Amino acid sequence: MSECVFCLIVAGAAPAHRVFEDDTVCAFLDIRPIARGHTLVIPKSHATDLSGLDAETGAELFRVGHRIARAVQGPAFAADGANLLINDGKAAFQTVGHVHLHVLPRTHGDKFRFASGLVLRRSHEPERVAAAIRSGLAALDTAATDPDTDTG
Ligand code: AMP
Ligand code: ZN
């Protein structure tokens, strides 16, 4: 974990342009921004991916990302919109193994074609897909009430 660059940033041992921090999360500018003001919000406590993140910290991550998205659309920054995104796992293009929420300020007419290649345009077997997701959610609920399982 000591080699995790985001943990080093939290510890002040690696440089970063911080925009916010509280007891739980830290937000700083992405070193290779896709858009001006591209910010990452991370939990201060190391979690490699969402499976290792407790729900309360996940909620705080989004609460802060939400505030940053609103902030960049205020008069001080004047973006027209924002994308909020977590790449969870290598299959989803996660390259840094410490959970991070991207906040990408957007302006009308910008050239950033976010997710243009990722959109599934046709719905394949929507009933089965919805049922499988509902099953997954139910399994999470079951695990949350099972004292032998701690999924956060
Ligand atoms: P992801 O593909 O979701 O894992 O994105 C990782 C992001 O972390 C990329 O946008 C990188 O530019 C960014 N990044 C990597 N190292 C640093 C760093 N030391 N400081 C700030 N951002 C970083
Ligand atoms: Zn870390």
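- By the naming in an unreviewed UniProt entry, the protein chain goes by HIT family protein and is assigned to Nocardia flavorosea.

### Topic: the coordination of the zinc ion (ligand 2)
Alright, step 1. Each protein donor to the zinc ion (ligand 2) is listed here as Cys4 (SG), Cys7 (SG), His46 (ND1) and His98 (ND1); together their distances run 2.1 to 2.3 Å.
Alright, step 2. One can describe the site at the zinc ion (ligand 2) as tetrahedral: its 4 donor atoms subtend angles covering 103 to 120° at the metal.

### Points about the sheet that holds strand β2 (residues 25–29)
Alright, step 1. The 5 strands are arranged β1-β2-β3-β5-β4 in an open sheet whose pairing can be described as antiparallel. Each having just a single partner strand, β1 (18–21) and β4 (81–85) make up the two edges of the open sheet. Put simply, the sheet's adjacent strands are angled 20° from each other on average, direction ignored.
Alright, step 2. Of the strand pairs in this sheet, β4 and strand β5 (residues 101–106) are connected by 5 bridges, and their pairing is antiparallel. The residue bridging leucine 84 from the neighbouring strand is valine 103, located in β5.
Alright, step 3. Taken strand by strand, helix α2 (residues 55–72) contacts β1, β2, β3 (39–43), β4 and β5, and its axis lies near 160° from that of β3.

### Describing the packing of aromatic side chains
Alright, step 1. Applying the stated criterion across every chain yields a total of 1 aromatic pair.
Alright, step 2. When the centroid spacing of 5.3 Å and the interplanar angle of 75° are considered together, the rings of phenylalanine 6 and phenylalanine 28 count as edge-to-face. A residue pair is termed long-range when its members are at least 10 positions apart, and phenylalanine 6 in helix α1 (residues 5–11) and phenylalanine 28 in strand β2 qualify at 22 residues. For the pair shown, phenylalanine 6 and phenylalanine 28 are each scored as buried.
Alright, step 3. The residue whose ring lies beneath arginine 36 is phenylalanine 77, and the NZ or CZ to ring-centre distance is 4.2 Å.

Conventions adopted
Residues numbered from 1 in each chain as written. Chains lettered and ligands numbered in written order. Predicted model: local features only at pLDDT ≥ 70, side-chain atom pairs only at ≥ 80, totals over all residues. Heavy atoms only, no water. Donors = N, O, S within 2.8 Å, 3.2 Å for Na, K, Ca; no water. Tetrahedral: all angles 85-135°; square planar, octahedral: opposite > 155°, others 65-115°. Pairing = 2+ DSSP bridges. Helix = DSSP H or I, 4+ residues; strand = E, 2+ residues; numbered from the N terminus. Axes fitted to C-alpha atoms, helices over the stretch in contact; angles between N-to-C directions. Contact = heavy atoms within 4.5 Å. Phe/Tyr/Trp six-rings, centres within 6.5 Å; stacked < 30°, edge-to-face > 60°. Buried < 20%, exposed > 50% of the residue type's maximum accessible area, 1.4 Å probe, protein only. Lys NZ or Arg CZ within 6 Å of the ring centre and 35° of its normal.

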